[in-house]
Amino acid sequence: MTPDKELSHLTDEEYLIHRAKERHATDPCAAKCWMITAQALFPKNFGIQFEVYQTEKSAKNVKEAAKCLGIMLREFAHEPVLWQEVESIMVALRQSTPDSHMTFLTYLFNMLPKDVQHSMVAAAAERSQDTMTRCRLMLLLTTTFPESTTHHGLQLVESLIAAEKHCPSPLNPFRRMLVCDLLPRLLQTQGLEVRPKTLHNLLSRAIEFYITYVTTPSRVLQGIMNGDSKIEDPWQQLFTVSTSNREVILQRIQNLIEGGARLGGPKGEGGEDVREVLYTTLTIFLHALMDYTKRLYPDFNQETTSTSSPPMTLVEAFIYPETEPSEPSLVVPSKRPRPSLDDDPTIPIITVSRPAPPGAPTAVVGGLGVGGQGGIAAGGLSQALTTAIKCWDILKSYEQLRAEFVRLLESLGSELWWWLRVFTVDVLIYQGRLAEAARDLRHTLTQHHTSMQPTAFISTNLKLASVFYALSNLSGAAEAVLEVVRQLPGWVGMGGLTSELTVTAPPTHRHLHVLALTRPQCLQFATTLLIHALRQRVVVDRHTDDFCIGHLITLLQYEWPKYSNTFEEVLQIIRKQGVFSYPLFSSYVTTPDILEEFMYLATKEGGSLQLDIIPISQGNKQQRTISTRGVDRDLKHDFKLGMKKLMLRSSEPIEGTIVTFLTREGSLLHQNLM
């Protein structure tokens, strides 16, 4: 049978297509001539038009292929094969890492006229039988054509809400698309009218989704979210409208509250719906609370420690009282100028221990510690805290808001949020309600002592110690801080000290510090608190017990010479007494400057003080003091030898010495502060 007879069953159109395909591999130009002829003879034949499209696509002629595709979409919109090709293009548009073929299809789509692009995506979404695919195409429509958001955005909202009714958890792909992809776009669309009820519903769903997301372990998320990529910060996406708009929201709420709006009813005096105040304030509150929590606990909700930043905790910190030049200061003043306090002593100074490289100091602006990292606003951690407290106060100020706020928190499962309990204590500390904070902290330690993780136990005791000290309960403060010290020998966490634990300010002001829960900074806080407590007892209260003085001298070594002024105060007291006995001196005091001062005090020039601080040899048991007035030379020899031995120990790490001192002698120190 001849070749022509073999093809006799083909129609004329099919015959021309066959000839073109036959020559395509060996002679592309001839194949193209066959297709041009076919197009001229049969312009209304879909098979010929599609083959022309395939030929141009194979040759990577993106412009000609796009022209053919546009003609087919206009002339042959009902052909199934065409829509299979459209589906391939839609898949390519949604790829985050496309291969070369997908990239070509994307170029092809971009070569089409805008109206053709729009109609193609809209038609593909309408034809899709899969709910998720249809929603993704509608989202693609609003992304590619922002002007269509006013029309298609709310339709997509309804589709997503209807689709997730069959999902048992807020963590599902439909809610993710709604919260992370669509909602920020809706909020940025100018002229989009969203009914208040719909907006409140969307905000509620966003809150529920994000809270559930951040409190669910990552391994569980991987199974629930169907392989969707990690969400870095959906709250930031929600507030992407602009920073100024976020501030406008807060100011608008504040004006509404201060304007005396009737929040007990359904609407305020200005026609403001109370639910708008509630949901908006709640959204900002939870965003700030999450920001604050993640800054305190960088590994929040992580199954393993994955960052180099330590957890932190808010404590009552210390102030160098501003003094006249003639008056003694507690410590050698810091070279850094004191912060601006804006003449408002009710606003605490907040400083932050930052895991920043050396030489990158924390600026203090307007009474708030401000660092380089951004948070809910430029102030970072301190701004997140103050924003959360402001919203918390608004939500607690009016019965209508408070009742709805409590109901929403219960629906979100807030009784399991340990980080909310941390925040509520920090609110009490920030607002100066220290007696309430102390009760809450003691209750936590009593009820959960056996089940608390080491980080929580140390953090809670640090807070309690700082609160007790601020309440002038020196015994309670010492007891709590010594509980922290007992944990330090096995505590992991290195790093430097903080320079912000004490600031210079008028005594009417308060200072809060966000302390890094590392071994050095926990010990620094413990020694600083005990130094202040012992100085209060010795210098201010004039309780000149030798053991109190000795304990104070021992602790001054940790950050020597920071507290050299306090040491001078102590020396004046010892000189006035003329005698000093501290048996623990030879076990823990190794700082050369301090040793030299005591060696001088034992000389005639230094006052020939009687010092019982160095153990004497067996043969001198009858004489246990040292002076320069007619004492046995053997005693002077024992004293000098003992001081030389202490000098030789001056290279020993002071951290280990102080930890050993507080661990072994903590009970005695505590008794001296009772």
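As the structure is a prediction and not an experimental result, all values here were calculated from the model.

1. Examining unusual backbone geometry
Working step 1: Pro561 follows Trp560 through a cis peptide bond whose omega is 10°.
Working step 2: Within the secondary structure layout, Pro561 lies in the loop between α24 (546–556) and α25 (564–577).
Working step 3: Phi at Ser472 is positive, roughly 65°, even though this residue is not glycine.
Working step 4: If you trace the backbone, Ser472 turns up in the loop between α21 (454–470) and α22 (474–487).
Working step 5: Residue Ser472 is classed as exposed on the basis of its relative accessible area, which comes to 60%.
Working step 6: Positive phi, normally seen in glycine, also occurs at Arg542, with a value near 60°.
Working step 7: Within the secondary structure, Arg542 is located in the loop between α23 (519–540) and α24.
Working step 8: For Arg542, a relative accessible area of 62% corresponds to the exposed category.

2. Let's talk about the confidence of the model for the chain
Working step 1: In the predicted model, the chain carries a mean pLDDT of 78, and 74% of its residues have values of at least 70.
Working step 2: The element-level mean pLDDT for the chain is lowest in strand β5 (residues 368–370), coming to 32, with strand β1 (residues 312–316) highest at 95.
Working step 3: Here residues 323–329 is modelled with pLDDT under 50, and outside its nearest four sequence neighbours on either side it reaches three contacts, counting other chains as well.

3. Considering the pattern of salt bridges
Working step 1: Tallied over the full model, the rule gives 14 salt bridges.
Working step 2: The shortest N-O distance in the salt bridge between Arg175 and Glu208 comes to 3.2 Å. Here the residue Arg175 occupies a position in helix α11 (residues 173–188), and Glu208 occupies one in helix α12 (residues 196–214), the gap between them amounting to 33 residues.
Working step 3: For Arg175, a relative accessible area of 5% gives the class buried.
Working step 4: Of the charged contacts in the structure, one is a salt bridge between Glu436 and Arg433, with a shortest N-O distance of 3.1 Å.
Working step 5: The partly exposed category is assigned to Arg433, whose relative accessible area is 35%.

4. Topic: the nonpolar core
Working step 1: Within the largest apolar cluster, 185 residues are counted, with the highest numbers of intra-cluster contacts made by Leu69, Met90, Phe285, Phe423, Phe525, Phe598 and Leu662.
Working step 2: Looking at this core, the element that brings in the most residues is helix α16 (residues 274–296), giving twelve residues.

5. Quick notes on the packing of aromatic side chains
Working step 1: Applying the stated criterion across every chain, the model contains 17 aromatic pairs.
Working step 2: Measuring from centroid to centroid gives 5.1 Å for Tyr297 and Trp418, while their planes differ by 85°, and the two rings are edge-to-face. Within this pair, whereas Tyr297 is found in the loop between α16 and β1, its partner Trp418 is found in helix α19 (residues 418–430), the two being separated by 121 residues in sequence.
Working step 3: Among the residues examined, Tyr297 registers a relative accessible area of 13% and is labelled buried.
Working step 4: On the numbers, 5.0 Å between centres and 65° between planes, the contact of Phe585 with Phe598 is edge-to-face. Taken together, the positions of Phe585 in helix α26 (residues 585–588) and Phe598 in helix α27 (residues 592–601) put the pair 13 residues apart, joining distant regions of the chain.
Working step 5: Taking relative accessible area as the criterion, Phe585 reaches 1% and is therefore assigned buried.

6. Here we look at the side chain of Glu569
Working step 1: Relative to the helices and strands, Glu569 resides in helix α25.
Working step 2: Look at Glu569 and you get buried, because its relative accessible area is 10%.
Working step 3: At 3.0 Å, the side chain of Glu569 forms a polar contact with the side chain of Arg535.

7. Remarks on α11
Working step 1: End to end, α11 covers 22 Å across 16 residues, agreeing with the expected 22 Å (1.5 Å per residue, within 8%).
Working step 2: Where α11 bends most, the angle comes to about 45°, and this point is Leu182, followed within four residues by the proline Pro184.
Working step 3: The element α11 is extensively covered by neighbouring structure, given that twelve of its 16 residues are classed as buried.
Working step 4: Every buried residue belonging to α11 is among Pro173, Phe174, Arg175, Arg176, Met177, Leu178, Val179, Cys180, Leu182, Leu183, Pro184 and Leu186, and all of these are buried.

8. Re helix α4 (residues 46–58)
Working step 1: Its 13 residues place the ends of α4 18 Å apart at the C-alpha level, agreeing with the 18 Å of an ideal helix rising 1.5 Å per residue.
Working step 2: The element α4 is extensively covered by neighbouring structure, given that ten of its 13 residues are classed as buried.
Working step 3: All buried positions along α4 are accounted for by Phe46, Ile48, Gln49, Phe50, Glu51, Val52, Tyr53, Thr55, Glu56 and Lys57.
Working step 4: Two residues or fewer past α4, Lys60 is found with a positive phi of approximately 60°.

9. Examining the environment of Glu483
Working step 1: With respect to the helices, strands and loops of the structure, Glu483 is situated in helix α22.
Working step 2: Here Glu483 is in contact with Phe457 and Asn461, once residues within four sequence places are set aside.
Working step 3: A distance of 3.3 Å separates the side chain of Glu483 from the side chain of Arg486, its partner in a polar contact.

10. Notes on the packing of α25 against α27
Working step 1: Interhelical geometry of α25 versus α27 gives an angle of 20° and a closest axis separation of 12 Å. One way to sum up the angle between α25 and α27 is to call them roughly parallel. As for the relative orientation of α25 and α27, their crossing is right-handed in sense. Facing α25, whose interface residues are Phe567, Leu571, Ile574 and Arg575, α27 presents Ile594, Glu597, Phe598 and Leu601.
Working step 2: Residues that form the contact of α25 with α27 fall into these classes: six nonpolar, no polar and two charged.

11. Digging into the environment of Leu534
Working step 1: With respect to the helices and strands, Leu534 occurs in helix α23.
Working step 2: Taking relative accessible area as the criterion, Leu534 reaches 0% and is therefore assigned buried.
Working step 3: Sequence separation between Leu534 and His551 is 17 residues; the distance between their C-alpha atoms is 7.9 Å.
Working step 4: In contact with Leu534, other than residues within four places in its own chain, are Cys548, His551, Leu552, Leu555 and Leu673.

12. Looking at the side chain of Thr313
Working step 1: Mapping Thr313 onto the fold places it in strand β1.
Working step 2: Given the relative accessible area of 1%, Thr313 is considered buried.
Working step 3: Within the local environment of Thr313, its side chain forms a polar contact with the side chain of Lys463, the two groups lying 3.2 Å apart.
Working step 4: Those residues in contact with Thr313 that sit more than four places away from it in its chain are Leu296, Ser459, Leu462, Lys463, His513, Val514, Leu515 and Leu517.

13. What about the pairing of β1?
Working step 1: With respect to burial, β1 is a largely interior element, five of its five residues being buried.
Working step 2: Of the two faces of β1, both are covered, the one formed by Met312, Leu314 and Glu316 as well as the one formed by Thr313 and Val315.
Working step 3: As judged from the five bridges shared by β1 and strand β7 (residues 511–516), these two strands associate in the antiparallel manner. Note on β7: the bridge partner recorded for Thr313 is Leu515.

Quick notes on the rules
Residues numbered from 1 in each chain as written. Predicted model: local features only at pLDDT ≥ 70, side-chain atom pairs only at ≥ 80, totals over all residues. Heavy atoms only, no water. Helix = DSSP H or I, 4+ residues; strand = E, 2+ residues; numbered from the N terminus. Buried < 20%, exposed > 50% of the residue type's maximum accessible area, 1.4 Å probe, protein only. pLDDT = per-residue confidence, 0-100. Contact = heavy atoms within 4.5 Å. Salt bridge = Lys/Arg side-chain N within 4 Å of Asp/Glu carboxyl O. Core = buried A, V, L, I, M, F, W, Y, C linked by side-chain atoms within 4.5 Å. Phe/Tyr/Trp six-rings, centres within 6.5 Å; stacked < 30°, edge-to-face > 60°. Polar contact = N/O pair within 3.5 Å; in protein donor to acceptor, adjacent residues only side chain to side chain. Expected span 1.5 Å × (residues − 1). Bend = angle between axes of the 7 residues up to and from the residue. Axes fitted to C-alpha atoms, helices over the stretch in contact; angles between N-to-C directions. Parallel < 35°, antiparallel > 145°, perpendicular 65-115°, else oblique. Left-handed = near helix turned anticlockwise from the far one by under 90°. Nonpolar A, V, L, I, M, F, W, Y, C, P; charged D, E, K, R; others polar. Pairing = 2+ DSSP bridges.

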